Structure formats: structure tokens, C-alpha cells
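# Overview (structure and organization)
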Amino acid sequence: SDYYEFQLRDNPEEATFVGRAEYNDRWDDPSPEHRKIYRESLRQFLKRLQAIPKASLTGQDRLGYRLLDWQLKYEIAGTDTIATFFSVNHLVGGHLNIFSTVAVEPASTVKDYENQLARLRALPKWVDRTIAAANLAIAQKKIQPKLVAERVVDQLNVEMAGEPLQNPLLAAFAKFPPSIPAAEQERLRGAAIDAYTHAFVPAWQKLRDYVGNTYLPAAHDTLGLSQMPGGAAMYAYQVEYMTTTNYTPDRIHEIGLQEVARIQAEMAKIREQL
């Protein structure tokens, strides 16, 4: 329970998605400094968990122990292995997560709207922290391919295109619920346009220019993780996470070849029968 609450505090976007509104006025902190604090928090949770006498647990408690033990060890390893690699990404990048989070934010009360305003005004700080994480990725040589960086630049341009009230970030301010008085609607709408113009747009321009002018020139032309420094370790880590096994990538590939051969042999038998 403590671990779950910790995750909601540390990942306000996740809290929004599960319907918890306490943290709807803030974003996550992707900075390297916070990543160190996060890792230490995970280590403390693992220490607390391992202090529980495992042999005395049965049923769901024993299963819960095993799952949390695996989850904590996986997250600690990810912080050490691959975390900075995703600071710029066209599929799971934070710039995309912000827009998908805003799409599910509640917009029923004045407090809900104040939370959205706070998040808009917090975007410059979030961008600075994201750039710090990307700089660390460059220093570690854990950089996405050029293709990915180019697509992120395109996405950032699309995300800040158009007039403020036409942007998905301000969707709630384009149409208010009737329970909010007209005077409050006007005030909130004006504040949103101001935050969009003076916080969001400059922040997104800064992030776009950084990705285009700093990150992209450092990126590589190859596409596979195996061709990157430390790529084999990152790939093995992802395989372990996706399969929850201790199989190496080569073993997974071997299993795949064996399964294809088995299925094709069965198909050939059926073809002969028919």
C-alpha cells in the first residue's frame, strides 16, 4: 500500500489516469537528480519487503511478496540501465504523455481548472528537467536513432500548432460546464490562454530546438539497440521485463525459430492431407 501511494505521488500522470486528483496540479520529475532520489526510495522499499519473513507467507500474500520483489528489482535495474534512453522517444515520450494525461483530467469544478492551469504553468520546469535527462543520455551514449529524434521534432511542432483554444491542451477551457459561473469561465479562459502563450509555447519551442539542434546531431543512423554502446545490456533488460524469464535474447530468438519450424511443419502436414 505504501509503495502504491509512493508511485502515485512520484507519477502524477498515473494518478490522474487512475482517478486520483490529489496531484493533478503537477507533473513527474524526469531529472537525473530526482532519478537518484527515486532509486533510493525503491531500494528502501525493497529493504522493507525483504525484512518480512517470507517463509511465513501463504497464498496471495506470498504471491504479492514475489510480485513486489520482482517489480522493485526491475525498476532499480531500469534506473541503472535504460531510464535515460527514453528521455526522447516518439512512442512513449513524456511530451506525448502530457497530452494524453490532459485528455483525461477532470474538468467539473473551479479547482479542476486551477489544477490544469498549474500544470500548464509548470511545463517550462518539466522541459528543463527533460532536457537534463536527455543531456545525461547523450553523455552516457544512450541515444535514440536519428529517425526517432526527427519524429519527435515533428510531433512537438504539431503539438503547438494552431490557436490556443484549438489546442487539445486547452480543450476544457473551450467549453465549460454550466455549473461554473460565466465570470469565472472568462477568468479561467484568459488565464489558460496566457499560460499557453507564455509557458507552454516557449517551453515546447525550447524542447523542439534542443531535440533538433543538440540531441539529433548526437544521434546515430543505426536502428538496433545491439549496435549502441551498452545496447546489449539494455536489450537483455527489456527481454527479461517483457518475458519475465531469465532467457537471453539469443535463447528467445532460438525458441522463435523452433516454433516457426514446428508450426510450418504442421501446416505442411495439413496441406498434404487436404
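What you are looking at is a predicted structure, and each value in this text was computed from that prediction instead of being measured.

## Remarks on the packing of helix 6 (residues 110-121) against helix 10 (residues 182-218)
Between two packed helices, the angle of one axis relative to the other and the distance separating the axes together describe the packing. Between helix 6 and helix 10, the least distance of the axes is 9 Å, while the angle of their chain directions is 15°. The angle between helix 6 and helix 10 places the two elements in the roughly parallel class. The hand of the helix 6/helix 10 crossing is left-handed. Side by side, helix 6 and helix 10 meet where Val110, Tyr113, Glu114, Leu117, Leu120 and Arg121 of the first sit next to Glu184, Arg187, Leu188, Ala191, Ala192, Ala195, Ala199 and Phe200 of the second. Grouping the amino acids of the contact of helix 6 with helix 10 by side-chain chemistry returns ten nonpolar, no polar and four charged.

## With respect to the layout of surface pockets
Within this model, the largest pocket holds a volume of roughly 1400 Å³. The wall of the largest pocket is formed by 41 residues, among which Asn11, Asp28, Arg35, Ala83 and Phe86 lie closest to the centre. Counting only elements with at least two residues in the lining of the largest pocket, the list comes to helix 1 (2-10), helix 2 (12-17), helix 3 (32-50), helix 4 (59-81), helix 5 (94-102), helix 7 (123-140) and helix 11 (231-243). Examining the composition of the lining of the largest pocket, we find that seven residues originate from one element, helix 4, more than from any other. The class makeup of the residues in the lining of the largest pocket is 14 nonpolar, 16 polar and eleven charged.

## Some points on the environment of Phe85
Tracing the sequence through the fold places Phe85 in the loop between helix 4 and helix 5. The exposure class assigned to Phe85 is buried, which follows from its relative accessible area of 6%. Discounting residues that sit within four places of it in the chain, Phe85 has contacts with Lys142, Ile143, Gln144, Leu225, Met228 and Met234.

## Things to note about the nonpolar core
For soluble globular proteins, nonpolar side chains are generally found buried alongside one another. Counting 41 residues, the largest nonpolar core has Ile98, Leu123, Leu169, Phe173, Phe200, Trp204 and Val211 as its most contacted members. Elements with a minimum of two residues in this core: helix 5, helix 6, helix 7, helix 8 (146-159), helix 9 (171-174) and helix 10. For this core, the element with the highest residue contribution is helix 10, accounting for 14 residues. The contacts of Val211, once residues within four sequence positions are left out, are Val88, Ala149, Val152, Val153, Leu156, Leu216 and Pro217. One finds Tyr3, Phe45, Leu57 and Tyr65 within the second-largest nonpolar core, a separate group that totals eleven residues.

## Looking at helix 11
With 13 residues, helix 11 should cover 18 Å at 1.5 Å per step; its first-to-last C-alpha distance of 18 Å lies within 8% of that length. Turning to helix 11, its buried residues number three or more, namely Gly231, Met234, Tyr237, Gln238 and Val239. On the buried face of helix 11, the contacting elements are helix 4 and helix 12 (249-273). One or two steps after helix 11, the chain reaches Thr244, where phi turns positive at roughly 50°.

## A short note on the pattern of salt bridges
Inspection of the entire model under this criterion finds 16 salt bridges. We note a salt bridge from Glu5 to Arg20, for which the minimum N-O separation is 2.7 Å. Separated by 15 residues along the polypeptide, Glu5 in helix 1 and Arg20 in the loop between helix 2 and helix 3 bring together distant segments of the chain. For Glu5, a relative accessible area of 24% puts it in the partly exposed group. The partner of Arg20 in a salt bridge is Glu22, with the nearest N and O atoms 2.8 Å apart. Residues joined in a network through salt bridges with shared partners are Glu5, Arg20 and Glu22.

## Considerations on the side chain of Arg119
By secondary structure assignment, the location of Arg119 is in helix 6. Its relative accessible area of 1% is what places Arg119 among the buried residues. Within the structure, the side chain of Arg119 is placed 2.5 Å from the side chain of Glu105, a separation counted as a polar contact. Those residues in contact with Arg119, other than ones at most four positions away along the chain, are Pro12, Glu13, Thr16, Tyr23, Asn24, Asp25, Arg26, Trp27, Thr101 and Glu105.

Procedures and definitions
Residues numbered from 1 in each chain as written. Predicted model: local features only at pLDDT ≥ 70, side-chain atom pairs only at ≥ 80, totals over all residues. Heavy atoms only, no water. Axes fitted to C-alpha atoms, helices over the stretch in contact; angles between N-to-C directions. Helix = DSSP H or I, 4+ residues; strand = E, 2+ residues; numbered from the N terminus. Parallel < 35°, antiparallel > 145°, perpendicular 65-115°, else oblique. Left-handed = near helix turned anticlockwise from the far one by under 90°. Contact = heavy atoms within 4.5 Å. Nonpolar A, V, L, I, M, F, W, Y, C, P; charged D, E, K, R; others polar. 1 Å grid on protein atoms, 1.4 Å probe; cavity = no way out; pocket = protein on both sides within 12 Å on 5 of 7 lines; lining within 4 Å. Points joined across faces, edges and corners; volume = space filled by probe spheres on them. Buried < 20%, exposed > 50% of the residue type's maximum accessible area, 1.4 Å probe, protein only. Core = buried A, V, L, I, M, F, W, Y, C linked by side-chain atoms within 4.5 Å. Expected span 1.5 Å × (residues − 1). Salt bridge = Lys/Arg side-chain N within 4 Å of Asp/Glu carboxyl O. Polar contact = N/O pair within 3.5 Å; in protein donor to acceptor, adjacent residues only side chain to side chain.

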